[in-house]
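# Structure assessment
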Amino acid sequence: MTANIAIVTGAARGIGAAISTTLHRDGWRIVGVDRVWPADIAPLFTSTETVDVTDFAAVTNLIAKIEAELGPVGLVVNNAGITRDGVAHKMDPADFRAVIDVNLMGPFHFCRATLPGMRQRGYGRIVNISSLNAQRGQAGQANYAAAKAGLIAMTKSIALEGAAKGITANCVAPGFIKTDMTDAMRADMREMEIAHIPMGRMGAPNDIAEMVAFLASDKASYISGQVMAVNGGQLMP
Ligand code: NDP
């Protein structure tokens, strides 16, 4: 593998940190992107970048810098995401837009900036972190579900565009995973969610990381445009 730079967004914590650790184990050189980095950054990163994924100019500059200084980007994992929950009939449009900007525009910015190089080199991997709630909807998350469902449609389109150019694009759709995002939920809501998981427990960030690592590997070279559910047995289409 020559293009062994992997960009992971939202890499400072949660699922993104687990993905970074797992890809590093598999031999990728990791460029982590986040808005804020802790003082004790894990030594696995080749580079840590403070970039907001909603800022297209910053993303474009970052990719140019990485490709000039470190080498070609082989893999992008669009993991950064936010929630701004509320029922649709009361939701502030600014909260709808904020979620679209981070969870859908952010991944587009990274795809837009890296795909030309991938097409030129005839190799690339895109893995986008969607959600179970994109596949089934979720009360209180019209904004989040719409952004994550849009991400699935964008991924399939990019998969078609890249198929003859050695590029695969896939989504991972996590179920209910223990991170700061789910720790922030009301305890009774969290327990209600867990009660609906056939395996009776939340997933771990590593459960998602291993699926990303598989999709990034040569073992998955004939898989593209797919949504890989990692959700403890919820939603069996
Ligand atoms: P966390 O909130 O724990 O971590 C998300 C990371 O993304 C944070 O470090 C956050 O930084 C960063 N981030 C947010 N906005 C931006 C931005 N504009 N630019 C750069 N970085 C940003 O989330 P999880 O680890 O739980 O989730 C990771 C992904 O998995 C998300 O896309 C989420 O939607 C998805 N997912 C999670 C599920 C779960 O159960 N946890 C279920 C299904 C999907 P900051 O500290 O600045 O906010």
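Here is a short report on the structure shown in this document.

This paragraph deals with the site of the ligand. Neighbouring the ligand are 27 residues; Arg 13, Asp 34, Asn 79, Tyr 144 and Thr 179 lie closest to it. Residue Val 53 places a main-chain N or O atom 3.0 Å away from a nitrogen atom belonging to the ligand. Here the ligand, which alone exposes 880 Å², has 93% of that area covered by the protein. Broken down by secondary-structure element, the contributors of at least two residues to the shell around the ligand are helix H1 (14-25), helix H5 (142-162) and helix H6 (180-183). In terms of residue count, H6 provides more of the shell around the ligand than any other element does, 3 residues in total. Across the shell around the ligand, the residue classes tally to 12 nonpolar, 9 polar and 6 charged.

Another point: the packing of helix H3 (residues 93-121) against H5. The relative placement of two packed helices comes down to the angle between their axes together with the axis-to-axis distance. Interaxial distance between H3 and H5 falls to 8 Å at its minimum, and their mutual angle equals 15 degrees. Judged on the interaxial angle alone, H5 and H3 are roughly parallel. Considering how the two elements wind past one another, H3 and H5 form a crossing that is right-handed. For the pair formed by H3 and H5, the contact residues are Asp 95, Phe 96, Val 99, Ile 100, Asn 103, Leu 104, Pro 107, Phe 108, Cys 111, Leu 115 and Arg 119 on the first element and Ala 142, Asn 143, Tyr 144, Ala 146, Ala 147, Lys 148, Gly 150, Leu 151, Met 154, Ile 158, Glu 161 and Gly 162 on the second. Looking at the contact of H3 with H5, its residues break down into 15 nonpolar, 4 polar and 4 charged.

Glancing now at the environment of Phe 96. With respect to the secondary-structure elements, Phe 96 resides in helix H3. In this structure Phe 96 comes out as partly exposed when scored by relative accessible area, which is 32%. Note: C-alpha distance between Phe 96 and Gln 120 (24 residues apart in sequence) is 36 Å. Apart from the residues lying within four places of it in its own chain, the contact partners of Phe 96 are Met 91, Ala 142, Asn 143 and Ala 146.

Quick look at helix H8 (residues 205-216) now. Between the first and last C-alpha of H8 there are 17 Å, a value that for 12 residues agrees with the 16 Å anticipated at 1.5 Å per step. By the burial criterion, the buried members of H8 are Pro 205, Ile 208, Ala 209, Val 212, Ala 213, Leu 215 and Ala 216. Buried residues of H8, viewed axially, fall in a sector of 160 degrees; they line one side. If you follow the buried residues of H8, they end up packed against H1, strand S4 (73-78), strand S5 (124-129), strand S6 (167-174) and strand S7 (227-230).

Core analysis: the largest hydrophobic core is formed by 32 residues, its most contacted members being Ile 7, Ile 66 and Phe 110. For this core, the leading source of residues is H3, giving 9 residues. Every residue in contact with Ile 66, bar those within four places of it in the chain, is listed here: Ile 5, Ile 7, Val 31, Gly 71 and Val 73. Judged by nonpolar contacts, the second largest core, of 29 residues, contains Val 8, Leu 44, Val 172 and Val 230.

Ordered by their spatial adjacency, 7 strands build an open sheet running S3-S2-S1-S4-S5-S6-S7, and the pairing between neighbours is parallel. Of all strands in the sheet, those with a lone pairing partner are strand S3 (45-50) and S7, marking the two edges. In this sheet, adjacent strand axes meet at a mean angle of 20 degrees when their direction is disregarded. Two elements, strand S1 (residues 5-9) and strand S2 (residues 29-34), share 5 bridges in a ladder whose sense is parallel.

Criteria and thresholds
- Residues numbered from 1 in each chain as written.
- Predicted model: local features only at pLDDT ≥ 70, side-chain atom pairs only at ≥ 80, totals over all residues.
- Heavy atoms only, no water.
- Near = heavy atom within 4 Å.
- Polar contact = N/O pair within 3.5 Å; in protein donor to acceptor, adjacent residues only side chain to side chain.
- Areas by Shrake-Rupley, 256 points an atom, 1.4 Å probe, with all protein chains shown as cover.
- Helix = DSSP H or I, 4+ residues; strand = E, 2+ residues; numbered from the N terminus.
- Nonpolar A, V, L, I, M, F, W, Y, C, P; charged D, E, K, R; others polar.
- Axes fitted to C-alpha atoms, helices over the stretch in contact; angles between N-to-C directions.
- Parallel < 35°, antiparallel > 145°, perpendicular 65-115°, else oblique.
- Left-handed = near helix turned anticlockwise from the far one by under 90°.
- Contact = heavy atoms within 4.5 Å.
- Buried < 20%, exposed > 50% of the residue type's maximum accessible area, 1.4 Å probe, protein only.
- Expected span 1.5 Å × (residues − 1).
- Arc of directions from axis to C-beta.
- Core = buried A, V, L, I, M, F, W, Y, C linked by side-chain atoms within 4.5 Å.
- Pairing = 2+ DSSP bridges.

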